[in-house]
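Read off the chains here:
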Amino acid sequence: MVIAKDQSTAKKSKIGGRKRIASAEEGEVDDDTVFVQLLKTAGVILKYGNLPNKLTLDQAIFQKKLYQSLRKHARYPNVVQEFIRGMESYIENRDKFRNCLLPCGQYQEGESSNTVNYQESLIKLLLGIEILQPPVMNMLFEKIPEFMYDGVPEDGINLPRLIINQFKWLDRIVDSKDLTNKVLQLISVAPLEIQCDIITSLPEILEDAQHNEIAKELNSLLQQNTHLTVSILDALSSLNLRAELLVEVRHSVMSTLSAVKLDDLPVVVKFILHAITTADAMEVIRELRKNLELESCVLPCQLQASQGKQNQIAKGTSVSRENGSNDCVAIMFDVIKAAVRFQKVTAEAWIKAIESVDSAAEHKVIDLLVLLILHSAGASISKKQVEKLLRSKIRLDQIRDQLLQVAFRSHALVVREYFPSVLSLAQTLLRSPDISVVSFGSQMYKYAFMMFDSYCQQEVVGALVTHVCSGFTAEVDISLDVLTDLVSQSSSAMAIYAIFVKGILDYMDNLSPQQIRKLFFILSTLAFSRGLEGSHIQDDMHIIIRKQLSSTISKYKRIGIIGAVMMVGSMACDGSKVDTCSSDLPAMSKESFRQATALLELVRSCSEHSPEAAALYYDEMANLVQKGNLDPQVQELIGRSVLDDFQEDFVVDLIPDIADKYLLPLKCMFNLDEEESEGGIVINLLPLLSNSLTNASIDGKPSKQGAKKCVSPVSLASFFRLLRLCEEVQHDGNLEEIDALLGCPLHLTNLELVEKVESLSKPERELLCSLLFHAINWFREVVNGFCKLQDIEMKGKVLLRLQNITQLQGLLEKCITATPGYVPPLANFDSEITEVPPTIAPAAVAKKRNKDLKGKRKQKSEGSKNSSTDSSQTEEPSEESQMPTGNTQGKENNEEGKVFVNLANYRAYFRELDINVFFALQSGLVTKSQLDSELHTKVTEVVQLGSAELVFLLEDLSRKLDYMLVANVTKKILFLKVKGDRDVGFSHLRQMTPQQVAQFTLKLLNPLCNHLENAHNFFQALMAGNNGVVDVLGSDVKESQRMAACYHLLLQILNTLFAWCGFAQNENRKLLKSALDVLANRLKAGDGELGMEELFRQTFRYLQNFQNTIPRCASAVTLTQLLIVISSRSSDSQCKEKIATIARGFLCQSWILPTGEKEKGNKYNEALDTLLCIYLKHTDDVLKSVEEIAGVGVPELMNSTKEGNSRTFPTLTRQTFLVFYRVMMRELDSSVKEIPSGTQSDSAEVQIEKLLRWNLAVRDFHILVNLVKVFDSRPVLGVCLKHGRLFIESFLKQGMPLLDYSFKKHRDDVHSLLKTLQLSTRQLHHMCGHSKINQDTNLTNHVPLLKKLLELFVYRVKAMLTINKCQEAFWLGNLKNRDLQGEEILTQQSQEESGGDEASQLPEDDMEEEVEEEENDECESKIRKATRDDEDSDSD
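Basis of the calculations
The residue numbers shown here count from 1 along each chain, following its written sequence. The model is predicted, so local features are restricted to residues of pLDDT at least 70 and side-chain atom pairs to those at 80 or more, both for listing and for counting; the totals for chains, interfaces and linings are taken over all residues. For the side-chain quantities, the full set of heavy atoms in the structure was used; hydrogens and water were omitted. Counting from the N terminus, the helices are the DSSP runs of H or I reaching at least four residues and the strands are the DSSP runs of E reaching at least two. By this rule, a helix spans an expected 1.5 Å times one less than how many residues it contains. Relative accessibility thresholds used throughout: buried, under 20% of the residue-type maximum; exposed, over 50%; partly exposed, between the two (1.4 Å probe, protein chains only). This arc describes the spread of directions from the helix axis toward the C-beta atoms. We call two residues in contact whenever any of their non-hydrogen atoms come within 4.5 Å of each other. A pairing counts as a salt bridge when a side-chain nitrogen of Lys or Arg comes within 4 Å of a carboxyl oxygen of Asp or Glu. Here, nonpolar core means buried Ala, Val, Leu, Ile, Met, Phe, Trp, Tyr and Cys residues that are tied together by side-chain atoms lying within 4.5 Å of each other.

Looking now at unusual backbone geometry. Tyrosine 76 connects to proline 77 through a cis peptide bond whose omega is 10 degrees. Along the chain, the position of proline 77 falls in the loop between α4 (59–71) and α5 (78–90). Even without being glycine, phenylalanine 670 reaches a positive phi, approximately 60 degrees. Positionally, phenylalanine 670 belongs in the loop between β5 (666–669) and β6 (681–683).

Within an α-helix, residues lying three or four positions from one another point in the same direction, as the helix has 3.6 residues per turn. End to end, helix α48 (residues 1135–1147) covers 18 Å across 13 residues, agreeing with the expected 18 Å (1.5 Å per residue, within 8%). Every buried residue of α48 is accounted for by Cys1135, Ile1139, Ala1140, Ile1142, Ala1143, Phe1146 and Leu1147. For α48, the angular spread of buried residues about the axis comes to 165 degrees, placing them on one side. Buried residues along α48 sit in contact with α46 (1092–1104), α47 (1113–1128), α49 (1162–1178) and α51 (1217–1233).

The next thing to look at is the pattern of salt bridges. Under the definition given, this model contains 48 salt bridges. Between glutamate 1187 and arginine 1259 there is a salt bridge whose closest N-O contact spans 2.9 Å. Here glutamate 1187, found in helix α50 (residues 1182–1198), pairs with arginine 1259, found in helix α52 (residues 1244–1266); they are 72 residues apart in sequence, far enough to count as distant. Assessed through its relative accessible area of 22%, glutamate 1187 is described here as partly exposed. Across the pair glutamate 1196 and arginine 1207 runs a salt bridge whose closest N-O atoms are separated by 4.0 Å.

Secondary-structure assignment places alanine 527 in helix α30 (residues 513–528). Given a relative accessible area of 0%, alanine 527 falls into the buried group. In the structure, alanine 527 is positioned 40 residues away from methionine 567 in sequence and 9.1 Å away in space, judged by C-alpha atoms.

A few words now on the nonpolar core. Leu66, Phe333 and Phe1058 are the most contacted members of the largest nonpolar core, which totals 422 residues. Among the elements that take part in this core, helix α39 (residues 762–786) stands out by supplying 13 residues, more than any other.

What follows is the structure, given as structure tokens:
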């Protein structure tokens, strides 16, 4: 044993080295003091130097032995003082004191084998002994000041902090108050670092009883010293405080929130959120959100940039500061995340606080970031709730893209942490039917891709690809748009993920041609933007395109053509001509040029045998050339052959005599250069069309004759468009080489055949129709090509071509009418044929047998087809069915009984007009000079834009503006494919942005106003000659109809422009001001610049001047809506009154058609409905206006003849009564809902005012319900039952509480009101009986709910009388079933008494017992008697 010990000692000395040599001063402390001896006896061996004191026993055993040694000592209690004095002398030495404060070591030869690894310090063990605790504490507090201002010692141990740690987590405190006082005294004198240590340790030192007292002191200290904010709040967060004190502290903290240092922000927010209760959660969160300014937490980008430019050190400082600020913000949001995750109250308060913000200016970045946190937390708040709130805020334009941009750019670190929520929200928003919400979701994808790392970028691309493959048209479109933007802005970053995008090629069957065009643009840009790195995508695209081009199915061939052209566009892109990121494309190499030419040749050879495929190829190439960024070599290659091919295929020399060998006689038509007829050219239309039809009829499909291509007029317009654009690009807009095509004639047929088209055979009729379609499309494309030329003669020819178009369209309408089942040739080749089927109105001349009978049936079916969505209007053919209007499905010539189709249904078969064509609206009088053979002016012909051409242009412009300038930012997107694709015919327009379209329209405002004033003057002159009435009998009816159409279209264009939601954005504010300037200056040219309010006021006045010459009711609606749009952007309070006056004026006007007949029909009824709604919504008092119409206008109608009308309101006739009745009932319901419910706290004046409103409303309701006795058609009954139920429901909810509190003071008024309402409810009951006896399901659907409300009304009146102690004035009785006229409906019992059979007209369960008020004078006398008795009792 001795040998082993010696070996162990030797080993230790060998390992310990120098440390063992210095052990002379590190031995055990052994002296005769009571302190040392008692500790040694109890089990603690004190050590010198750096060795820890040794504890030979368990801590609890040591404390117990020392306590017993002191208590059982002979000199107790004096021995305690001796012990303390010995201790004081012992710890005078700093090293010994430090050893007493540090944890004790475990004695290696101790007997205890189960001792804990960690031992407390000697001081901490002594503080655990009650008799030693107070003197030891006093000694420690006295020792702290000795070390407060010492620097950092050599051993690095902070003694004050070590002393404070001794007070933590004591099992028992003998005198807690004394400890609290000493701690507070120490805080008041200690330096800042010691103060922070003490304050932070307070929750671990003090008992719960002292928490409130110390919290008050800390709160006052918080106001005095902001440097202690973090320490104080950290301590307060761990204290158990009273609710009142916590609120007080929280208010003081919240007041200093904006001045808190960034590093302290997370602690401050944590304290504010840590103890929120249900009662104060909303208030706390709202105040926190208000005071928390994240904008001040991030260095401005400009400052960082300038610092980076100065020197490297400054740059490093700014970067470190930015990272520090981001870290603090991230920690703060972690605090918020913890709060909302574990406290449902906090999460709900955040939701409500964000929801309560009602303007975009008040929303902050924190709102968006907190929504991300709430969405990611998911425990206390459902994700759907967050998504719903965000959608609502975006839809209301309260959370905008700018806020999203700031969140991503300034707080990318925070947003990145919640990337899964960002992705989930973006996916949800992108599937929304609202345009604004979809746009916001797409921005989230873009920012996430541009701001985050490669993992996030991969997830974003994967999500977008998933959207594209979803099959929903709107979702696919927006996803492809996002991918296109990402490719254009970050092609190098996107190239890494090209393999994901390539996967979409497997789903091309579900994509439209427009979507395929976008997809191939994306893929080809990725494939050719990085040279050889994209070679694998290039190979795959070549394979797919070749496969599609070789297909015999037109759908797949179309995909191949589009893909090939887009691929050529990327291969041959000239980087010097583009501004986007793709400008880094390498110069076109010989190999790339060879590939591009080979691909173009392949497409040409694969499409030349199909006219439709060739036309699509020409259109796609034209779009490519129009961009103007093709490599010069490729551009020259394309332009070289186009002109020669066009002349060879479609142009022939003009020969006077031509052999007639075709199905129709050949004739040269529409030559504008007749004086140059010799040596002229002509478009060979009819021969080519006849040949192509002959070839198609032989094989049943387009012929394929080896290498010989098929030349068809189907591709004529497309080929000319490509030719024209190539000429523009090559000659900088100069078209001299092809300007002969503008005036050259066409080989058509004798158009007099149209007048006898019914005598032609079916092939001849179809050939004639196709010929007219091709001629119109040729002229439309010619106008597109030459509309930008400034030469006067060319302008005149363009106007003449517009006249030719309108002339041919009139002929085409007649031909199509006589050719049922005819399908026109395609003009837009990037869409499916089945997407745009023609809608052909049935011709009355098709079959003349049973003409009268079929005419009646057709009228009925047409009326039902053209009616509005309100089914009630079509359910009463005797009164309410109307004739179809002239501008919807067809135009009826009453003399001949023929129905002509409307070419608007064939819009998809006409070539799209370019937007530059509308510069023709600026043309006034244009002179066209004809020259003689010696080039002298022979004749000067005046060419003017006629009314027919003006209607043609305005219709197209209105359609384009409706498509591009969305009035409501939340316009719905249709996810299901519908017949008649909305995008057909707008492929050129879609290349522009809404802002560009608005800017273009702004240039047209002055000419549009000129035409508007001309129309105004036209109808003003007509009115002047007809005593102020637009009655044009004897004048040119067609001209009047066209001018009326122009008037309506011009107002519609202005309304679409000013209602554009883009004007609400700040960046378009200047554009709006320019538009208002134009209209305001038309009224009076101003010398100086006007403010926005004055511009709105002047514009309103200018438009208001047109009200007296409006020719049609629909135009009146459009003008009124335009005025409402202008007034909605202005703060002028008088506009509402003016609009009401204007609308009333239109209602009091008799609308006469140019034929002299009164306007009628479903469109007219819809216009009246809108006008009446506008009038009642803008009038000062809806109830008085309803009373005037129902009480004055309707009686005048009843006293008039069958075809008569009301004198006050001429638009009120028996045919339009349903419109007036429905609107009045609807607005009456809406107005009573706005009357506040009565409360007991209402003043007498408020009660009287509400009673007067309800009296007026009930009187109006009574008048309207009683009108059913005279106008008893099914639609009127349906309206009355529906809105009568709603009125009774509103009265029970809002009116009856008022009567409860008003009965005592206003008994007569209440009695009168109830009596009037009772008469109305009785009539409603009669209507229920009438509905059941007639077994009309449309009416009986309203009966159960209405009867339930009628019964509730009676019992509610009884409850009101009971509350006011008048229940004896009420009794129950049986109400007899009666019809509309009040005649009793015989029941089963009454029939038996009259000797009839037992069959009853009503089912037995319909014989319900109704509770009603007394109907006769006896009831009234009882009520009066009860009232007098009650008054007597009150006076007593």
